[in-house]
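Structural description and commentary
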Amino acid sequence: MARTYFLLLWTWTRAAAAYPVSFAMMTVLGFAIAAIDVAVILIIFANTTTLAGFSREEVLFLYGAANLAFTICDTFVSNLDRVSTHIKAGTLDTFLIRPVGAWIQLAADRFMATRIGRILQAGLVLGYAVSALGIGWERAWMIPVMVLTGIVIFASLWTIAGALQFLLTDAPEVVNTLTYGGSQLTQYPFSVYTRDLVKGVTYVLPLAFVNWQPGLYVLDRADPFGTPGFMRFLGPAAALVLALSAALVWRQGLRHYRSTGS
Amino acid sequence: MIELDRAGRSFKVKRSVVHAVQNLSFTVSAGEFVGYLGPNGAGKSTTIKMLCGILTPTSGTVRVAGLDPSRRRTTLARRIGVVFGQRTTLWWDLPLRDSFELIRHLYRIDRAAFAARLDELTGTLDLGAFLRTPVRQLSLGQRMRGDLAAALLHAPDVLVLDEPTIGLDVVSKASIRDFLLRVNAERGTTVLLTTHDLGDIERLCRRVMLIDHGRLAFDGTLDDLMATAPEQSSIEEVVTRLYTGSAS
């Protein structure tokens, strides 16, 4: 499975290199766009010292952790949300005649090596925040766990977004609220949002486990919304439940695939 | 090799139900060469897609090489070769040779077997001159030969072709027909092809099936097919009679 996936990534990288100008421009643009997010956070803190009770370094930590998970998924599985494009062009059929799962082929489809720059950027922000905050190992062990949890959660959301396109072929953008919307939401401490929204993204769509709940543990903070302490450690379980649901939804979506004429 | 038992596929379109294929039953034995005819929208492509496991039948059963295609799609993929005349299954920006190499990995074809097979296909399909050319730069005839090779590299038992000669010039058509006859005769590969080119049927198919409005309207040898019309009719006239007759 993994071998096939990386083989496909390599194939697409070579295919992209067939258009060198586009390749170079995408790399530069990727860096520029990623830098804007950080710039926004720095501008906010040029005017205030705390944001909903969190310091600049703490916000950068929450942003870096979520964004690291997000950019990894955006690089390696985000093309799952091109299902509707493939359905309309009739190219999904060509994936389905291969002896390899459609999920792997779609995830690797049109992989762009140029996006890796954004992963580095997110990693740098996270690294800076962790060292500036002086987080010790007794709490820092949670950081790799939360990044992995985040990767599973975002990858599951992308899978669900792709699967929904089997039904919503006419409105592919609707499902972007799950993935890109989720990423936007996790860029800031959840204490800036209303209680109802936070409840929704904790118990319904478990975005709170990408960085907020485990992040509170790493930062040694109490939850301003007052959730009990054990919630800080529920991330992996929530990610597992979401991943299993995503797998089911994907299977159903594929079975409902209608294909196009001729 | 291919068995359909009262297979059907319907689509819901704006609250009404369209039966693309209904109650379709037929059997194709190993080594047969079958032409699958029908007017546009008759259900040919829907049938093909059920055979490869792309579409799940809404009623009845489909079996190919003893497998249920929609449930065992990736297993079946190793035993079936599929060519869509309207679109390529090759990687657009890669040289043909690299697409083949990728297929070798995807199908886990043994390196020696692959080399021998590619040599053979390069010879019979005359691919040598453009193996290193990116697929997007190939002519339609070259691309179709490349697609055929790609579908046969893993030595499938069944070859399914959806309009493989569409848009090709007479020379390209002839070379593809010769090649298909050879694959069927020498390897015993079961071939099912859809086409609107009756030359394909006359030249290639011992058996013809005709589908109309999602139902099987004719199944027999080419001679049987010709016998449905007055003597001296051309194959065009015979098929036109069947298309218009069974449509009423």
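Just so it is clear, the model here is predicted, and its values are computed rather than measured.

Turning next to the overall build of chain A. Each helix and strand counted, chain A has 13 helices and two strands in total. For the C-alpha atoms alone, the extent of chain A along its principal axes is close to 60 × 40 × 30 Å. Here chain A, with 262 residues, has 42% of them falling under the buried criterion. For chain A, restricting intrachain contacts to residue pairs at least 6 apart in sequence, the fraction spanning at least 24 positions comes to 81%.

Let us look at the interface of chain B and chain A. Contacts between the two partners involve 25 residues from chain B, matched on the other side by 21 residues from chain A. Every element with two or more residues in the side of chain B that touches chain A is listed here: α1 (44-52), α2 (73-77), β5 (80-84) and α3 (96-106) of chain B. Partitioning the side of chain B that touches chain A into residue classes produces 13 nonpolar, seven polar and five charged.

Another point: the nonpolar core. Within the largest apolar cluster, 134 residues are counted, with the highest numbers of intra-cluster contacts made by Ala65 and Ala69 of chain A together with Cys52 and Val160 of chain B. Broken down by element, the residue count for this core peaks at 14 residues, all from helix α9 (residues 142-164) of chain A. Aside from chain neighbours lying at most four places away, what touches Val160 of chain B is Ile48, Leu51, Cys52, Ile80, Val82 and Leu192 of chain B.

It is worth spelling out the UniProt feature "domain: ABC transporter" (unreviewed entry) in chain B at this point. UniProt marks residues 2-238 of chain B with the feature "domain: ABC transporter" (unreviewed entry), using the numbering shown here. The distance separating the terminal C-alpha atoms of residues 2-238 of chain B is 27 Å; by composition the span is 37% helix and 27% strand.

To continue, consider the UniProt feature "transmembrane region" (unreviewed entry) in chain A. Residue and element names in this part refer to chain A. This chain's UniProt record puts "transmembrane region" (unreviewed entry) on residues 28-47, 59-77, 119-137, 144-168 and 230-250. End-to-end, the C-alpha atoms of residues 119-137 are 23 Å apart, and along that stretch the chain is 84% helix and 0% strand. Helix makes up 76% of residues 230-250 and strand 0%. Its end C-alpha atoms lie 31 Å apart.

The next thing to look at is the pairing of strand β1 (residues 2-13) of chain B. All names here are of chain B. Sheet analysis places β1 next to strand β2 (residues 16-28), joined by nine bridges and oriented antiparallel. Its bridge partner being in β2, Glu3 is matched across the sheet by Thr27. What sits between the antiparallel neighbours β1 and β2 is a turn of two residues, in which Lys14 has the positive phi angle 45°. Note that β1 and strand β4 (residues 59-64) share five bridges and pair antiparallel.

The subject of this paragraph is unusual backbone geometry. All names here are of chain B. For Asn23, which is not glycine, the phi torsion reads 50° and is therefore positive. Note that Asn23 resides in strand β2. Non-glycine residue Glu163 carries a positive phi angle of around 50°. Along the chain, Glu163 turns up in the loop between β6 (158-162) and α6 (170-187). Glu163 sits in the buried class, given 20 other C-beta atoms within 10 Å.

Once that is clear, we can look at helix α3 (residues 56-76) of chain A. End to end, α3 of chain A covers 30 Å across 21 residues, agreeing with the expected 30 Å (1.5 Å per residue, within 8%). Burial analysis of α3 of chain A places 18 of its 21 residues in the buried class, which makes it a mostly covered element.

For the rest of this paragraph, the subject is the packing of helix α5 (residues 140-152) of chain B against α6 of chain B. Residues and elements named next belong to chain B. The contact between α5 and α6 brings their axes to 10 Å, and the two run at 15°. On the basis of the axis angle, α5 is roughly parallel to α6. In this structure, α5 meets α6 at a crossing whose hand is right-handed. Residue-level inspection shows Gly141, Met144, Leu148 and Leu152 of α5 in contact with α6, the latter providing Ser172, Ile176, Phe179 and Val183. Of the residues that constitute the contact of α5 with α6, the class distribution is six nonpolar, two polar and no charged.

Here we come to the sheet that holds β1 of chain B. Residues and elements named next belong to chain B. Ordered by their spatial adjacency, three strands build an open sheet running β2-β1-β4, and the pairing between neighbours is antiparallel. The open sheet has two free edges, formed respectively by β2 and β4, since each of these has just one partner strand. Shown here is a sheet whose adjacent strand axes are inclined to one another by a mean of 30°, direction ignored.

Two numbers describe a pair of packed helices, the interaxial angle and the distance between the axes. Relative orientation of the contacting elements helix α1 (residues 2-16) of chain A and α3 of chain B amounts to 170°, with a least axis distance of 10 Å. The angle between α1 of chain A and α3 of chain B falls in the class roughly antiparallel. For the pair α1 of chain A and α3 of chain B, the contacting residues are Thr4, Leu7 and Thr11 of chain A in the first and Leu102, His105 and Leu106 of chain B in the second. Partitioned by chemical class, the residues of the contact of α1 of chain A with α3 of chain B number three nonpolar, three polar and no charged.

Averaged over all residues, the pLDDT of chain B equals 89, while 99% of them reach at least 70. Our summary of model confidence lists the complex with pTM equal to 0.87 and ipTM equal to 0.85.

Residues and elements named next belong to chain B. Taken in spatial order, the six strands of this open sheet run β5-β6-β7-β3-β8-β9, and their pairing is mixed. Here the strands that pair on one side only, and so sit at the sheet edges, are β5 and β9 (215-221). Shown here is a sheet whose adjacent strand axes are inclined to one another by a mean of 15°, direction ignored. Where strand β8 (residues 207-212) lies against β9, six bridges are found, and the strand directions are antiparallel.

Okay, α1 of chain B next. Residues and elements named next belong to chain B. Counting buried positions over the nine residues of α1 gives nine, a clear majority of the element. Along α1, the positions that sit buried rather than exposed are Lys44, Ser45, Thr46, Thr47, Ile48, Lys49, Met50, Leu51 and Cys52. Backbone geometry just downstream of α1 places Gly53 in the positive-phi region, at approximately 85°.

Residue and element names in this part refer to chain B. With respect to the element layout, Gly35 can be found in strand β3 (residues 33-37). Along the sequence, Gly35 and Thr194 sit 159 residues apart, while their C-alpha atoms lie 6.0 Å from each other. Excluding its chain neighbours within four sequence positions, the residues that come into contact with Gly35 are Leu193, Thr195, Asp200, Ile201, Leu204, Cys205 and Val208.

About the thresholds
- Residues numbered from 1 in each chain as written.
- Chains lettered and ligands numbered in written order.
- Predicted model: local features only at pLDDT ≥ 70, side-chain atom pairs only at ≥ 80, totals over all residues.
- Helix = DSSP H or I, 4+ residues; strand = E, 2+ residues; numbered from the N terminus.
- Buried ≥ 20, exposed ≤ 12 C-beta atoms within 10 Å, placed from the backbone.
- Contact = placed C-beta atoms within 7 Å.
- Nonpolar A, V, L, I, M, F, W, Y, C, P; charged D, E, K, R; others polar.
- Core = buried A, V, L, I, M, F, W, Y, C linked by C-beta atoms within 7 Å.
- UniProt positions renumbered as here; feature names shortened; annotations may be inferred.
- Pairing = 2+ DSSP bridges.
- Expected span 1.5 Å × (residues − 1).
- Axes fitted to C-alpha atoms, helices over the stretch in contact; angles between N-to-C directions.
- Parallel < 35°, antiparallel > 145°, perpendicular 65-115°, else oblique.
- Left-handed = near helix turned anticlockwise from the far one by under 90°.
- pLDDT = per-residue confidence, 0-100.

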